[in-house]
Amino acid sequence: MEHIYLAMVDTPGFFAYIIRRFLRQKYIHVVISMDAELEEAYSFGRRNPRIPIFAGFEREDKYRILEAFPDADYLVCELECSAEQKERIGEQLRKDYRLRLRHHYAVLGLMFIVCGIPFYQKNHYTCSSYIARLLHENHIDISSKHFSLVTPRDFYLYPNKKTVFEGRLAEFVTI
């Protein structure tokens, strides 16, 4: 068996506060990684950790995030997968990263999540909808919901995960 990793993130800030209030959950951001150290990690989020307005598909840099949000809480989990699933997921992540400027954050999708109405606009995702769709296409189903309605809570509640770290990002980076 192989593994992929999910990091659920609670970052401080006004935009994060608004999302936390709407979703009523601690972890409001999800990152997918090919390794336990989050060296090759991707998500739909801020293009610059300090500016929430510009968002899309990005490769996560834990050191840049640590600099911007030294008090960010992380929950890093491990999911089992086959070698073939891991390879396909990695290939898709790298392909989408090369085409990252074609992918955008689904700001409009946030309102549909709150209303419980599935909504997909081509190449527009939230962090959790992108990962839910990617995993579903590789036969790893986090939730029975439409991918556009999946939130970080669904990843948090997913029973087939193993927690490998929970705490401040600063602690994780120094491990």
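By convention here, each chain's residues receive numbers from 1 onward along its written sequence. The predicted origin of the model limits local features to residues at a pLDDT of at least 70 and limits the giving and counting of side-chain atom pairs to 80 or more, whereas totals for whole chains, interfaces and linings rest on all residues. Side-chain measures were taken over the full set of non-hydrogen atoms in the model, leaving aside hydrogen atoms and water.

K.L.:
Explain the environment of arginine 20 to me, and be specific about the residues and the numbers.
P.N.:
Summarising the element assignment, arginine 20 is placed in helix α1 (residues 14-23). Residue class for arginine 20 comes out partly exposed when judged on its relative accessible area of 22%. On a C-alpha basis, the gap between arginine 20 and aspartate 10 in space is 8.8 Å, while along the polypeptide they are 10 residues apart. Each helix corresponds to a stretch of at least 4 residues labelled H or I by DSSP, and each strand to a stretch of at least 2 residues labelled E; elements are numbered beginning at the N terminus. To sort residues, take the accessible area from a 1.4 Å probe on protein chains only and compare it with the maximum for the residue type: under 20% means buried, over 50% means exposed, and anything in between is partly exposed.

K.L.:
Quick one: what's the story with unusual backbone geometry, residue by residue and with numbers?
P.N.:
Phi is positive for asparagine 123, close to 65°, though the residue is something other than glycine. With respect to the helices and strands, the residue asparagine 123 is situated in the loop between α4 (107-115) and β7 (124-125). The backbone of histidine 139 shows a phi angle near 65°, a positive value even though the residue is not glycine. Tracing the chain through its elements places histidine 139 in the loop between α5 (127-137) and α6 (152-157).

K.L.:
How would you summarise the nonpolar core if you had to cite specific residues and measurements?
P.N.:
If you look at the biggest cluster of nonpolar residues, it comprises 36 residues, and the most contacted ones within it are Ile4, Ile32, Ile89, Leu93, Leu135 and Phe155. Among the elements that take part in this core, α5 stands out by supplying 6 residues, more than any other. With residues up to four places along the chain from it excluded, the contact list for isoleucine 32 reads Ile4, Tyr5, Leu6, Glu40, Ala41, Tyr42, Ile89, Leu93, Ile131, Leu134 and Leu135. Buried residues of nine kinds, namely Ala, Val, Leu, Ile, Met, Phe, Trp, Tyr and Cys, make up a nonpolar core once their side-chain atoms join them within 4.5 Å. The next biggest cluster of nonpolar side chains, apart from the first, holds 15 residues, and it includes Val9, Ala41, Ala68 and Ala72. Here, two residues are considered to be in contact whenever any of their heavy atoms come within 4.5 Å of each other.

That is the geometry; function is a separate question.
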